[in-house]
Amino acid sequence: MALIERIFPICRSITGNGVRETLAILRNHIPLEISEVPSGTKVFDWTIPPEWNIRAAYIARPDGTRVVDFAVNNLHIVQYSRAVDAIMPLAELRPHLHSLPDQPDWIPYRTSYYSENWGFCLTHRLLSTLPDGPYRVFIDSDLAPGHLSYGEVLIPGKSDDTILFSCHICHPSLANDNLSGIAVATMLAHHVRTLRPRYSYRFLFIPGTIGSLTWLARNEDKVGRIVSGLVLSNLGDAGGMTYKQSRRGDAAIDRIVAHVLRHDEVPHRIMPFVPYGYDERQYCSPGFDLPIGCLMRSPSGEYPEYHSSADNLFLLHSDSLAHSLAVLKRIIAVIEGDAVYCSRNPKGEPQLGRRGLYGAIGGQRTAGYDQMALLWVLNLADGQNSLLETAERAGLPFSTIRAAADALAAADLLDPMLLDR
Amino acid sequence: MALIERIFPICRSITGNGVRETLAILRNHIPLEISEVPSGTKVFDWTIPPEWNIRAAYIARPDGTRVVDFAVNNLHIVQYSRAVDAIMPLAELRPHLHSLPDQPDWIPYRTSYYSENWGFCLTHRLLSTLPDGPYRVFIDSDLAPGHLSYGEVLIPGKSDDTILFSCHICHPSLANDNLSGIAVATMLAHHVRTLRPRYSYRFLFIPGTIGSLTWLARNEDKVGRIVSGLVLSNLGDAGGMTYKQSRRGDAAIDRIVAHVLRHDEVPHRIMPFVPYGYDERQYCSPGFDLPIGCLMRSPSGEYPEYHSSADNLFLLHSDSLAHSLAVLKRIIAVIEGDAVYCSRNPKGEPQLGRRGLYGAIGGQRTAGYDQMALLWVLNLADGQNSLLETAERAGLPFSTIRAAADALAAADLLDPMLLDR
Amino acid sequence: MALIERIFPICRSITGNGVRETLAILRNHIPLEISEVPSGTKVFDWTIPPEWNIRAAYIARPDGTRVVDFAVNNLHIVQYSRAVDAIMPLAELRPHLHSLPDQPDWIPYRTSYYSENWGFCLTHRLLSTLPDGPYRVFIDSDLAPGHLSYGEVLIPGKSDDTILFSCHICHPSLANDNLSGIAVATMLAHHVRTLRPRYSYRFLFIPGTIGSLTWLARNEDKVGRIVSGLVLSNLGDAGGMTYKQSRRGDAAIDRIVAHVLRHDEVPHRIMPFVPYGYDERQYCSPGFDLPIGCLMRSPSGEYPEYHSSADNLFLLHSDSLAHSLAVLKRIIAVIEGDAVYCSRNPKGEPQLGRRGLYGAIGGQRTAGYDQMALLWVLNLADGQNSLLETAERAGLPFSTIRAAADALAAADLLDPMLLDR
């Protein structure tokens, strides 16, 4: 939450100094490697646009009173607005003004990255009271050759097979979308660095769409090693968990997240893939079709504050952020802990009682919880079923099955198999 | 409706002049080719029966008053009744009389094609008031070597792969079963002739069972080119749509009809195949197992008027006939319009905005309807998914997806693949 | 019921003279072959334990009054209790006493086969009134090298492919669990001996766990011929039927039992496999993975009287026993009667009317029940679908489909195929 409060005021966009400043702050927490890619670089069907930086923007009355001022809220400016200095009546200004008639007290968030334009966003309440003018319109911005900036952390594991986490860093002062994703990803990367992971982990902090396209274009050789991944966004609101499946729908990550959420205390929803949303659109384009889903609390576009000034720090709950992080740690625990075993005593059950793994007095009504986990692991330890599949068939959480497998392995009852995920 | 009114009074059966007269009238609308197959011809396990023609039939009192008269309603005679001229008491006549005790004002429809017999059908109300007799029974009919008649239209397409539509023409004055099917098939053939279709289309107007068996036996070389088909019947009543699946249950036609009905405004029902009903019984026999289903409104046997004099012109609605025809045109639009594409920009999304296919100002809450269709087509344009599969996954009507594919192809973003259906 | 009443009083355990006495009584009904396997024999991960025989056991007051006496109810002794003759206060005795606080009038059933111990079971009502003592504790039992006893019957069929029925005989005076299973298995074996079966049938009467392990270890060469099987237990109570699937979940036996229960008049439940329960745990261990499920009425552990003195003769209903036997006979009728046919007239329907298999007067609303069965058999007689699959698709009981196939085969319309189950 402290990290989010620190970076909330910065005016980020898909390029510019706001992104650089944000990445520099994240670097205090994790060893971000920062890339700068020149404007004009071709990335697949796209071209990296000019860099946009803005210093000031306002609409003022003839007496100099500022009606709308970027200094007050950086959502007031349509992102990528070109420089303007002009006097005009309301009639001429009006097409450049954006508001939310249904939410008259909120400022909308608008962009015009690839079509040169300018504009202001303001509350509908203010807009509807504006006199005819004239107004001075002033935007002090640069739209010039520069760079697109993004950050990444690679935490190498025993295998080059890689788990990708990706979050977009291009939104200005919007809290849930997506400072929540940025903060949770930062803390998760911090956590993974404390493990000696089996898989390698890559965390991307990138501008939406053009950022993921740029990373993909510059790292096509690495794409084939991505075995699972998640786009992280909207992770701080009070809602339950939402998982949007990968395009494949039955990838390992889809099964893992569904399992973890099914055994979580918080309500959840699984949504099928649709080719709209965040950077999963690019990762799941047909030429890549990566096994990458999207983890959210309230889904983008489905909560009223989405893409408006109401998506501010008041919308976030530190409990929600902490819970989102805990869910992600559990997801990683499954990714890291899943395995396939062969029972060393596949014919009949091994005698667990002799090894202290079974109640001594028989005839009681029910096997204990742990005892069932032991029996499930042994029964499915045929070199075919993974522990996750065992947990699913047993209806038990992965952690219980993993613990049972550990106990059985310690008693020399299981042989590990190579897991080919 | 005018066509149905014209052919309603004719006494059709599985052979005879009533069938010829009906086919001659249909020939005014579509270029029917008419076949005549001699009685005694073997068709698989069956033999084409003698031709039946009837001129008059009645039951009269001694004073000449006609109690039951074929001239009043051709349902009064059991089809294929042999000639009779005899005087008998009610006790002797009674086993030859058929009525519907549950529907005392309706005349049932009965046949005895393959077992020589005679009989009359009458209302139960009349039957229950008949005095003991005697009665003069008079049937002036021929049951003699002749021909079985049927009609067909072939509309050649670019491919010899053929779509088959089949309707039975053997019922006398029954409107929904099956003048409705005959009329809709005629109008549909008329429509297909206005297309330059990809597939070839064959329309069969045949007597039930023996007619489809005869066509199959004489055209075994053509059967392998039938890639989809529908039996058409009961298409004029006020009920919703009913689709009875092919024996395969997952043939292209099963998926296509289910898709069209799901996006139709009228309620519908999908029924699994059962080996009872109309000529799909023959088309779906194990030696052929053709991908042919049956499209109806109220299914045969499930509406009270079925196979009785109450299945008359009052049961039909011109709106229902028109809607049935519209659904069939939509089915043909899917058959003709389905295709598989490869995106020319499979890595990431192509930049739609640059091509005028995407809104210029970003940040708004929802993508438009058409925009989602564009994204779905691009996302699934991997050479694996057909447009129908894309429409199903997107939950959008085929026509919307087809239109999106046209827009993308026009923007040079798609390569067509050969569709191997 | 008479058999159950006869063997109810005997004190059985996993070894000992009670088992021998029980098998000797069963031998009056079926030609049991009895095996005796020495204590100390290794069976997979297990060792056959010493043989246990008990003559007397009681807890007495100083004046000789017996507070708890094995002679009154053989559940009073913890099975495999070693010999004891000692005087002790309640405090010392207490850890050796077992009761059911929730069911204060019932004596629990407890065992300690593989951990040397001793103990008594008694009602909670009695336990809670016991004064401090002292008590004389007397157990006159042997725990010494001997044998494990089990019985089996093999009824050879035309094929060596074998159907296995297994029931546990190790419980003392418990009626539903499992004198019901023993009695039903005995009567079923009796029935199978009256057939000339296609398959071979093996019935096992064995002590739980160690008995099935012993049989498996001594008959590994025969295990591969087991094509279906059922563990039989809890078959006499008033509940509906319960089928616990094999580990595979989709084995032939799973489909057959589900079909028979679906068309049975008694409510039923299908439970997925879990690695807990009866000897299916051993048969379905990963090294064997046999297609063996478990047929019960009320499942083990789910009725209150389970594993207590309330599971006595009053819990059983002769109607339930008879119905369980009838269901098993129907299961065997499917196993024996299933077959795959090819229609001799696969192109179109054969003309059933000519062969007297179809109603003569057409046009009636519905085909008769039997007529639908004939059409289903013919339609699916393509060498691919078994009669069971035909019955499932038709929604008709197997017996109806089997009868239809017999009628069609008699009319020379079907060729049998080799059934490869």
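Residues numbered from 1 in each chain as written. Chains lettered and ligands numbered in written order. Predicted model: local features only at pLDDT ≥ 70, side-chain atom pairs only at ≥ 80, totals over all residues. Heavy atoms only, no water.

Trainee: Sorry if this is basic, but what is going on with the overall build of chain A here?
Mentor: For chain A, the count of helices and strands is 13 helices and 19 strands. Burial statistics for chain A: of 421 residues in total, 60% are counted as buried. Considering only contacts within chain A whose residues lie at least 6 apart along the sequence, 80% involve residues at least 24 apart. As displayed, chain A has an accessible area near 16000 Å², and 51% of this comes from carbon and sulfur atoms. Averaging the coordinates of the 39 positive side-chain charges in chain A and doing the same for the 45 negative ones gives two points 4 Å apart. (Helix = DSSP H or I, 4+ residues; strand = E, 2+ residues; numbered from the N terminus. Buried < 20%, exposed > 50% of the residue type's maximum accessible area, 1.4 Å probe, protein only. Contact = heavy atoms within 4.5 Å. Areas by Shrake-Rupley, 256 points an atom, 1.4 Å probe, with all protein chains shown as cover. Lys, Arg positive; Asp, Glu negative; His and termini not counted. Charge placed at Lys NZ, Arg CZ, Asp CG, Glu CD.)

Trainee: Looking at this structure, how should I read the interface of chain B and chain A?
Mentor: How big an interface is tends to be expressed through the accessible area that disappears when the partners come together. Opposite the 29 residues of chain B that make contact, chain A presents 31 residues. The contact between chain B and chain A buries some 2500 Å² in all, and 48% of this surface belongs to carbon and sulfur atoms. A salt bridge links R355(B) to D45(A); its shortest N-O distance comes to 2.7 Å. At the boundary of chain B with chain A, the tally comes to 15 residue pairs in polar contact (both at pLDDT 80 or more). It is helix α11 (residues 369–380) of chain B that provides the largest number of residues to the side of chain B that touches chain A, a total of seven residues. For the side of chain B that touches chain A, the per-class residue count stands at 12 nonpolar, 10 polar and seven charged. (Buried area = accessible area lost by both parts, 1.4 Å probe. Salt bridge = Lys/Arg side-chain N within 4 Å of Asp/Glu carboxyl O. Polar contact = N/O pair within 3.5 Å; in protein donor to acceptor, adjacent residues only side chain to side chain. Nonpolar A, V, L, I, M, F, W, Y, C, P; charged D, E, K, R; others polar.)

Trainee: Sorry, what's going on with the interface of chain A and chain C here?
Mentor: On the side of chain C, 31 residues touch chain A, which itself brings 29 residues to the contact. Our count for the contact surface shared by chain A and chain C stands at five salt bridges. Salt-bridge contacts for D382(A) lead to R247(C); the nearest nitrogen and oxygen are separated by 2.9 Å. Applying the counting rule to chain A against chain C returns 15 residue pairs in polar contact (both at pLDDT 80 or more). Its residues assigned to classes, the side of chain A that touches chain C shows 12 nonpolar, 10 polar and seven charged.

Trainee: Whenever I open this one, helix α5 (residues 175–192) of chain A confuses me. Can you help?
Mentor: Every α-helix winds through 3.6 residues per turn, so residues three or four apart in the chain are directed the same way. Taking 1.5 Å per residue, 18 residues should reach 26 Å; α5(A) reaches 24 Å between its end C-alpha atoms and fits that length. Here α5(A) lies mainly inside the structure; 15 of its 18 residues are buried. (Expected span 1.5 Å × (residues − 1).)

Trainee: Explain helix α6 (residues 210–218) of chain B to me, please; I cannot follow it from the model alone.
Mentor: Most of α6(B) sits out of view: seven of its nine residues are buried. Within the span of α6(B), buried status applies to I210(B), G211(B), S212(B), L213(B), T214(B), W215(B) and L216(B).

Trainee: Help me understand the relation of the copies chain B and chain A in this model?
Mentor: Each of the two copies of the chain can be brought onto the other by a rotation about an axis and a shift along it. Mapping chain B onto chain A calls for a screw motion: a turn of 120° about the axis and a shift of 0.1 Å along it, with 0.0 Å RMSD after fitting. The symmetry that links the two subunits is that of a three-fold axis. Within chain B, D250(B) has its C-alpha nearest the rotation axis, a separation of 13 Å. (Least-squares fit on C-alpha atoms with pLDDT ≥ 70 in both.)

Trainee: Where do I start with the sheet that holds strand β17 (residues 340–343) of chain C in this structure?
Mentor: Two strands in a sheet stick together by hydrogen bonds in their backbones, pointing the same way (parallel) or opposite ways (antiparallel). Residue and element names in this part refer to chain C. Strand order in the open sheet made by the three strands is β18-β17-β19, with antiparallel pairing throughout. Strands at the two margins of the open sheet, each flanked by one partner only, are β18 (382–386) and β19 (414–417). Across the sheet, the mean angle from the axis of one strand to that of its neighbour is 35°, orientation sign disregarded. Contacting β17 and β18, helix α12 (residues 387–394) crosses the sheet at an angle of about 70° to β18. (Pairing = 2+ DSSP bridges. Axes fitted to C-alpha atoms, helices over the stretch in contact; angles between N-to-C directions.)

Trainee: Please explain the packing of α5(A) against helix α10 (residues 318–337) of chain A as it appears in this structure.
Mentor: When two helices pack together, their arrangement is given by the angle between the helix axes and the distance between those axes. Residue and element names in this part refer to chain A. Running from amino to carboxyl end, α5 crosses α10 at an angle of 45°, the nearest separation of the two axes being 10 Å. In terms of orientation, α5 lies oblique with respect to α10. Between α5 and α10 lies a crossing whose hand is right-handed. Within the contact between the two elements, α5 uses S180, V184, M187, L188, H191 and V192 and α10 uses L321, S324, L325, L328, K329 and I332. Across the contact of α5 with α10, the residue classes tally to eight nonpolar, three polar and one charged. (Parallel < 35°, antiparallel > 145°, perpendicular 65-115°, else oblique. Left-handed = near helix turned anticlockwise from the far one by under 90°.)

Trainee: Got a minute to help me understand the environment of L387(A) in this structure?
Mentor: Residue and element names in this part refer to chain A. Here L387 is to be found in helix α12 (residues 387–394). Along the backbone, L387 and S212 are 175 residues apart, and their C-alpha atoms lie at a distance of 33 Å. Each residue touching L387, except ones within four places of it in the same chain, is listed here: G337, D338, A339, Y341, V377, F398, I401, R402 and A405.

Trainee: Can you help me understand unusual backbone geometry in this one?
Mentor: Peptide bonds are mostly trans, and most non-glycine residues show a negative phi. Here the residue pair D177(A) and N178(A) is connected by a cis peptide bond, since its omega of 25° sits within 30 degrees of zero. Along the chain, N178(A) falls in helix α5. Each neighbour pair has its own omega, and for G133(C) with P134(C) the value is 10°, a cis peptide bond. Its place among the elements puts P134(C) in the loop between α4 (124–127) and β9 (135–144). With phi around 65°, D412(B) is a residue other than glycine that occupies positive phi space. The residue D412(B) is located in the loop between α13 (398–410) and β19 (414–417) in this model.

Trainee: Where do I start with the side chain of D45(C) in this structure?
Mentor: Take D45(C): it is sitting in the loop between β2 (42–43) and β3 (46–47). On the accessibility criterion, D45(C) (10% relative accessible area) is buried. At 2.6 Å, the side chain of D45(C) forms a polar contact with the backbone nitrogen of Q351(A). Setting aside residues no more than four positions away along its own chain, D45(C) makes contact with N345(A), P350(A), Q351(A), R354(A) and R355(A).

Trainee: Looking at this structure, how should I read the confidence of the model for chain A?
Mentor: The predicted coordinates should not be examined in detail at positions where pLDDT is low. All names here are of chain A. Residues at a pLDDT of 70 or more form 96% of chain A, whose mean pLDDT is 95. Within the model, pLDDT remains below 50 along residues 365–369, and this stretch shows 12 contacts once partners closer than five positions in the same chain are excluded. Taken together, the chains of this predicted complex give a pTM of 0.93 and an interface ipTM of 0.94. (pLDDT = per-residue confidence, 0-100.)

Trainee: In this structure, what is going on with the pattern of salt bridges? I would like to understand it.
Mentor: Pairing between side chains of opposite charge can happen when their charged atoms approach one another. In this structure the tally under the stated criterion is 71 salt bridges over all chains. For the salt bridge of D264(A) with R330(A), the shortest nitrogen-to-oxygen distance reads 2.8 Å. Residue D264(A) is found in the loop between α8 (252–262) and β15 (268–271), and its partner R330(A) is found in helix α10; the two are separated by 66 residues along the sequence. Judged by relative accessible area, which is 31%, R330(A) ranks as partly exposed. Across the salt bridge formed by R82(B) and E116(B), the nearest N and O atoms sit 3.9 Å from each other. Of this pair, R82(B) sits in the loop between β5 (66–69) and β6 (84–88) while E116(B) sits in the loop between β7 (97–98) and β8 (120–121), placing them 34 residues apart in sequence.

Trainee: How should the packing of aromatic side chains be read in this particular structure?
Mentor: The description of two aromatic rings rests on the distance between their centres and on the angle between their planes. Applying the stated criterion across every chain yields a total of 33 aromatic pairs over all chains. Geometrically, the ring pair formed by W46(A) and Y114(A) is edge-to-face, given 5.4 Å between the ring centres and 70° between the ring planes. With a gap of 68 residues between them, W46(A) in strand β3 (residues 46–47) and Y114(A) in the loop between β7 (97–98) and β8 (120–121) connect regions that are remote in the sequence. For W46(A), a relative accessible area of 7% translates into the label buried. Taken together, W46(A), W52(A), Y80(A), Y113(A) and Y114(A) form an aromatic cluster joined through their ring pairs. Here the guanidinium or amino end of R66(C) rests over the ring plane of Y58(C), the centre of that ring lying 3.7 Å away. (Phe/Tyr/Trp six-rings, centres within 6.5 Å; stacked < 30°, edge-to-face > 60°. Lys NZ or Arg CZ within 6 Å of the ring centre and 35° of its normal.)

Trainee: Please clarify how the sheet that holds strand β6 (residues 84–88) of chain C should be interpreted in this entry.
Mentor: All names here are of chain C. Taken together, four strands build an open sheet; the order of strands is β5-β4-β9-β6 and the sheet is antiparallel. At either end of the open sheet lies a strand with only one pairing partner, and these are β5 (66–69) and β6. Averaged over all neighbouring strand pairs, the angle between strand axes comes to 15°, with direction disregarded. Across three bridges, the pairing between strand β4 (residues 51–60) and β5 is antiparallel. Its bridge partner being in β5, I59 is matched across the sheet by V68.

Trainee: Quick question: what am I supposed to make of the packing of α8(A) against α10(A) here?
Mentor: Residue and element names in this part refer to chain A. At their nearest, the axes of α8 and α10 sit 10 Å apart, and the two run at 125° to each other. By the angle class used here, α8 and α10 are oblique. Remark: the crossing between α8 and α10 carries right-handed chirality. Contact residues: α8 offers I253, I256, V257, V260 and L261, while α10 offers V327, R330, I331, V334 and I335. Grouping the amino acids of the contact of α8 with α10 by side-chain chemistry returns nine nonpolar, no polar and one charged.

Trainee: I keep staring at the state of the cysteines and nothing clicks. Help me out?
Mentor: Each disulfide is one covalent bond, formed between the sulfur atoms of two cysteines. All names here are of chain C. Per the counting criterion, the structure on display carries zero disulfides over all chains. No disulfide involves C121; its sulfur sits 11 Å from that of C11, the nearest cysteine. Classification of C121 by relative accessible area gives buried; the value is 0%. Take C170: it sits in no disulfide, and the sulfur closest to it among the cysteines is that of C167, at 10.0 Å. By relative accessible area, C170 is classed as buried at 4%. (Disulfide = S-S within 2.5 Å.)

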